[in-house]
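Fold and contact review
So you can see what is in the structure, the chains are spelled out below.
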Amino acid sequence: SNKAEVENEEKKSHELVTEKLETPAKPVRIRPALRGILKRDANGVMGWQGLWGMDEAAFDGGITSAFSYTRVATTSVSQIPNSLCLRGEANDSDALHNAEFKGHFLMQRNGRSQKISETNVLFEFTTEEGFPESQLKVMGTGSNKFGTYTLEGTLDLESGEL
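Residues numbered from 1 in each chain as written. Predicted model: local features only at pLDDT ≥ 70, side-chain atom pairs only at ≥ 80, totals over all residues. Heavy atoms only, no water.

1. Some details on the overall build of the protein
- Helices and strands together make up the secondary structure of the protein, namely one helix and seven strands.
- Moving toward the C terminus, one meets the helices and strands of the protein in the order α-β-β-β-β-β-β-β.
- Looking at the protein residue by residue over its 162 residues, the buried ones come to 28%.
- A total of about 11,400 Å² of accessible surface is found on the protein, and carbon and sulfur atoms cover 49% of it. (Helix = DSSP H or I, 4+ residues; strand = E, 2+ residues; numbered from the N terminus. Buried < 20%, exposed > 50% of the residue type's maximum accessible area, 1.4 Å probe, protein only. Areas by Shrake-Rupley, 256 points an atom, 1.4 Å probe, with all protein chains shown as cover.)

Below is the structure:
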């Protein structure tokens, strides 16, 4: 009977090993989307205002909220040709220099709007091979209470849409 118990135990341990393991679900990667206009206010300060959503689909009837950023400093001169400038801006404008912004976005939580502040949001404007002449590539980095993030997009020089 001892031999039978050992064989039974081996069979049980083998059964445990061969059970199908559940594959954990992959985490969902959220890619918030922002749509706004980059332009100067009445005082000449460069700003970016618009709407954001948790993804591109939010702009097709989903939930969007306002955002607003203001440039606080020019960090370095971008290598943007003077012939490329925002509509309404003169050549040699500082509008497209790499810059630091600060601002906020609103977030709907429990039926209420919560203001999330951000500082040290850095934008880099570059020309990109294959892009239309009226578009620049924009890369950004920043952080807020949810963590660090990167931004990637385009700036339409005709409309100011970023």
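There is more to say after this.
2. Quick look at the side chain of N98
- Mapped onto the elements, N98 comes out in strand β4 (residues 98–109).
- For N98, a relative accessible area of 10% puts it in the buried group.
- Within the structure, the side chain of N98 is placed 3.0 Å from the backbone nitrogen of F125, a separation counted as a polar contact. (Polar contact = N/O pair within 3.5 Å; in protein donor to acceptor, adjacent residues only side chain to side chain.)

3. Details of the side chain of N144
- Within the element layout of this structure, N144 appears in strand β6 (residues 135–144).
- Residue classification places N144 among the buried residues on the basis of a relative accessible area of 17%.
- A distance of 2.7 Å separates the side chain of N144 from the side chain of E118, its partner in a polar contact.
- Every residue in contact with N144, bar those within four places of it in the chain, is listed here: F105, I116, S117, E118 and Y149. (Contact = heavy atoms within 4.5 Å.)

4. Things to note about the pattern of salt bridges
- Applying the stated rule across the entire model yields one salt bridge.
- Residues E56 and R35 are paired through a salt bridge, measuring 2.6 Å at the closest nitrogen-oxygen approach. Here E56, found in the loop between β2 (46–53) and β3 (64–76), pairs with R35, found in strand β1 (residues 33–40); they are 21 residues apart in sequence, far enough to count as distant.
- In this structure E56 comes out as partly exposed when scored by relative accessible area, which is 46%. (Salt bridge = Lys/Arg side-chain N within 4 Å of Asp/Glu carboxyl O.)

5. Focus: the nonpolar core
- Within the largest apolar cluster, 23 residues are counted, with the highest numbers of intra-cluster contacts made by L38, L86, L96, F101, F123, F125 and L155.
- Put simply, the parts of the chain that give this core at least two residues each are β2, β3, β4, β5 (112–126), β6 and β7 (147–156).
- In this structure, L155 is in contact with L38, L86, L96, F125, S134, Q135, L136, V138, G160, E161 and L162, ignoring residues within four places of it in sequence. (Core = buried A, V, L, I, M, F, W, Y, C linked by side-chain atoms within 4.5 Å.)

6. Topic: unusual backbone geometry
- Phi at N110 takes a positive value of approximately 55 degrees, unusual for a residue other than glycine.
- With phi around 55 degrees, N120 is a residue other than glycine that occupies positive phi space.
- Its place among the elements puts N120 in strand β5.
- A relative accessible area of 47% places N120 in the partly exposed class.

7. Considerations on the environment of I116
- With respect to the secondary-structure elements, I116 resides in strand β5.
- Sequence-wise, I116 and L106 are 10 residues apart; in three dimensions their C-alpha atoms are separated by 6.1 Å.
- Those residues within four positions of I116 in sequence are excluded, and the remaining contacts are G103, H104, F105, M107, N144, K145 and F146.

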